[in-house]
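Structural overview
The lines below spell out each chain.
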Amino acid sequence: MLRLIKGGSDEADAGPIPEFDRERRGLGVSALDFELPNAGAGPDPVVLSDLAADPDNDAIVVFFHRDYRCRNCREQVEEVADRYGEFRDRDAAVVSVLPEPKAKAEKWQKKFHLPFALAADEEKSVADQYGQPTRFGALGKRLDIVGRMPETAILDARDGLELFAVHRGDKPADRPSTDDVLAMVDRMLEADE
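Residues numbered from 1 in each chain as written. Predicted model: local features only at pLDDT ≥ 70, side-chain atom pairs only at ≥ 80, totals over all residues. Heavy atoms only, no water.

Remarks on the overall build of the protein chain
How we decide: The numbering of helices and of strands both runs from the N terminus, where a helix is a DSSP run of H or I of at least 4 residues and a strand a run of E of at least 2. Under the scheme applied here, a residue whose accessible area is under 20% of the maximum for its type counts as buried, over 50% as exposed, and between as partly exposed, the area being computed with a 1.4 Å probe on protein chains only. Residue exposure ignores everything except the shown protein chains as possible cover, and the areas themselves are Shrake-Rupley values with a 1.4 Å probe.
What the protein chain contains, in helices and strands, is 8 helices and 7 strands. Counting all 193 residues of the protein chain, 51% fall into the buried class. Put simply, the protein chain shows about 9000 Å² of open surface, and 47% of that area lies on carbon and sulfur atoms.

As structure tokens, then:
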């Protein structure tokens, strides 16, 4: 299910980007900052507040993946890596969060050569902090490839960390296109102009 919940600004005139929720209450994000081991580009560990403090980052896009073996997740990181210049043109940093130990994240990095952070969330604590959806109850919580759904969060980093929009997938392939993610970053950056 795709949705946009208006966040209280004049966005109606801009037209919907249906993949994203904008209303903070009900989004289930308990805290925005996190620190995780990083197998990708940048410092290890990756600390979100450090990325926000970098004057070259106005936005941070966080992709929460389902599993090391998820084909849709692998395709998504490859496309984002191929289009990473478009994120940097917008002063947007990217962080991919894989619910796996750092050793598995390192295997992804060797295969995909990602130009952005690839955080290993072995305990799924950050995924839980951000409300990444799971299905199938206890079984889905234990077996990521079965239960964990994709999520994308866009954060405004211009003055600390503020959640701008989030997409939570209802099924494994339910994730916004890279074009829609970039359009939502553009909308966030234009909101305060």
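Describing the sheet that holds strand E7 (residues 162-168)
Worth spelling out the cut-off: Should DSSP find at least two bridges between two strands, the strands are regarded as paired. Each axis is a line fitted through C-alpha atoms, taken for helices only over the stretch in contact, and angles between the N-to-C directions span 0 to 180 degrees. Should any heavy atoms of two residues lie within 4.5 Å, those residues are counted as being in contact.
The 5 strands lie next to each other as E5-E4-E3-E6-E7, forming an open sheet whose pairing is mixed. Either end of the sheet is taken by a strand with one partner, and the two such strands are strand E5 (117-120) and E7. Ignoring strand direction, the axes of neighbouring strands in this sheet form an average angle of 20°. As paired strands, strand E6 (residues 151-156) and E7 are joined by 6 bridges and run antiparallel to one another. Counted as the bridge partner of Ile154 is Ala165 from E7. On top of the sheet, helix H4 (residues 102-112) reaches strand E4 (92-98) and E5; it is set at about 155° to E5, its chief contact. Contacts from helix H8 (residues 178-191) reach strand E3 (59-64), E4, E6 and E7 within the one sheet, and its direction differs from that of E6 by about 25°.

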